[in-house]
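# Results of the structural survey
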Amino acid sequence: QVQLVESGGGLVTAGGSLRLSCAASGRPVSRSGMGWFRRAPGKEREFVATTGIGGSTLYADSVKGRFTISRDNAQNTVTLQMNSLKPEDTAVYYCAAAKDMYILSRLSRAYDYWGQGTQVTVSS
């Protein structure tokens, strides 16, 4: 019943911006720990950002200062604002939700639900 659907990916030049959205159904994001992960070609899935109850956030060092994770409880969505994009940001980006609403985790195994992913390609 729980579904996470990412959108907003696409092709952008280096230095540009994209905003990814994750629309959740079947579970309120207001009571979920929400995260973004990404998988670049030939690489393992890696942590990008997470937000917990009260708006607390945690970011990977590689995106800190450039990306911002936030949630809109009314729309039941979580977003990832991506600025100053670099070619190394190219990856499939995944939205994830954890039943534990207090969690701020970098680990994939901490999350219970996953979206299908949206492709982000940054050209140099």
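Check the entry above for the structure.
The following refers to the structure shown. The shown structure was predicted, so the numbers you read here are calculated from the model rather than taken from an experiment.

The next subject is the overall build of the protein chain. Along the protein chain, the regular secondary structure elements total 0 helices and 11 strands. Taken from N to C terminus, the helices and strands of the protein chain fall in the order β-β-β-β-β-β-β-β-β-β-β. The C-alpha atoms of the protein chain give a radius of gyration of 13 Å, which matches the 14 Å a tight globule of 124 residues would have. Overall size of the protein chain, expressed as C-alpha extent along the three principal axes, is 40 × 25 × 25 Å. Looking at the protein chain residue by residue over its 124 residues, the buried ones come to 44%. Contacts in the protein chain between residues far apart in sequence, at least 24 positions, make up 62% of those at least 6 positions apart.

Time to look at the sheet that holds strand S1 (residues 3-7). Strands sit in the order S1-S3-S8-S7 across an open sheet of 4 strands; the sheet is antiparallel. Strand pairing shows two members of the sheet lacking a second neighbour, S1 and strand S7 (67-72), which therefore form its edges. Sheet twist, expressed as the average angle between the axes of neighbouring strands with direction ignored, equals 15 degrees. The pairing of strand S3 (residues 18-25) with strand S8 (residues 77-82) spans 6 bridges and is classified as antiparallel.

Turning next to the state of the cysteines. All chains considered together, the criterion is met by 1 disulfide. The disulfide that involves cysteine 22 links it to cysteine 95, with 2.1 Å between the sulfurs. Across the S-S bond of cysteine 22 and cysteine 95 the torsion is about -80 degrees, and the bridge reads as left-handed. Residue cysteine 22 is located in strand S3, and its partner cysteine 95 is located in strand S9 (residues 91-98); the two are separated by 73 residues in the primary sequence. For the pair cysteine 22 and cysteine 95, a shared accessibility class is recorded, and that class is buried.

A word on the nonpolar core. In globular proteins that are soluble, nonpolar side chains generally tend to be buried together. Among the nonpolar cores identified, the biggest contains 33 residues, and Met34, Trp36, Val48, Phe67, Leu80, Met82 and Tyr93 are the most heavily contacted of them. Mapped by element, the contributors of at least two residues to this core are S3, strand S4 (33-39), strand S5 (46-51), S7, S8, S9 and strand S11 (118-123). Among the elements that take part in this core, S9 stands out by supplying 6 residues, more than any other.

Take the pairing of S11 next. Of the two faces of S11, only one is covered, namely that formed by Thr118, Val120 and Val122; the face formed by Gln119, Thr121 and Ser123 stays uncovered. Judged from the 3 bridges that link them, S9 and S11 form a sheet pairing that is antiparallel. Bridge pairing links tyrosine 93 to threonine 118 in S11.

Overall, the coordinates contain 4 salt bridges when judged by the stated rule. One salt bridge in this structure joins arginine 38 and glutamate 46, with 2.7 Å as the shortest N-O distance. Given a relative accessible area of 4%, arginine 38 falls into the buried group. Take glutamate 46: its relative accessible area is 28%, and that puts it in the partly exposed class. We note a salt bridge from arginine 38 to aspartate 89, for which the minimum N-O separation is 2.9 Å. In this pair, arginine 38 is assigned in strand S4 and aspartate 89 in the loop between S8 and S9, connecting sequence segments 51 residues apart.

What counts, and where the lines are drawn
- Residues numbered from 1 in each chain as written.
- Predicted model: local features only at pLDDT ≥ 70, side-chain atom pairs only at ≥ 80, totals over all residues.
- Heavy atoms only, no water.
- Helix = DSSP H or I, 4+ residues; strand = E, 2+ residues; numbered from the N terminus.
- Rg over C-alpha atoms; globule rule 2.2 N^0.38 Å.
- Buried < 20%, exposed > 50% of the residue type's maximum accessible area, 1.4 Å probe, protein only.
- Contact = heavy atoms within 4.5 Å.
- Pairing = 2+ DSSP bridges.
- Axes fitted to C-alpha atoms, helices over the stretch in contact; angles between N-to-C directions.
- Disulfide = S-S within 2.5 Å.
- Core = buried A, V, L, I, M, F, W, Y, C linked by side-chain atoms within 4.5 Å.
- Salt bridge = Lys/Arg side-chain N within 4 Å of Asp/Glu carboxyl O.

Remember, this is a structural readout, not a statement about activity or role.
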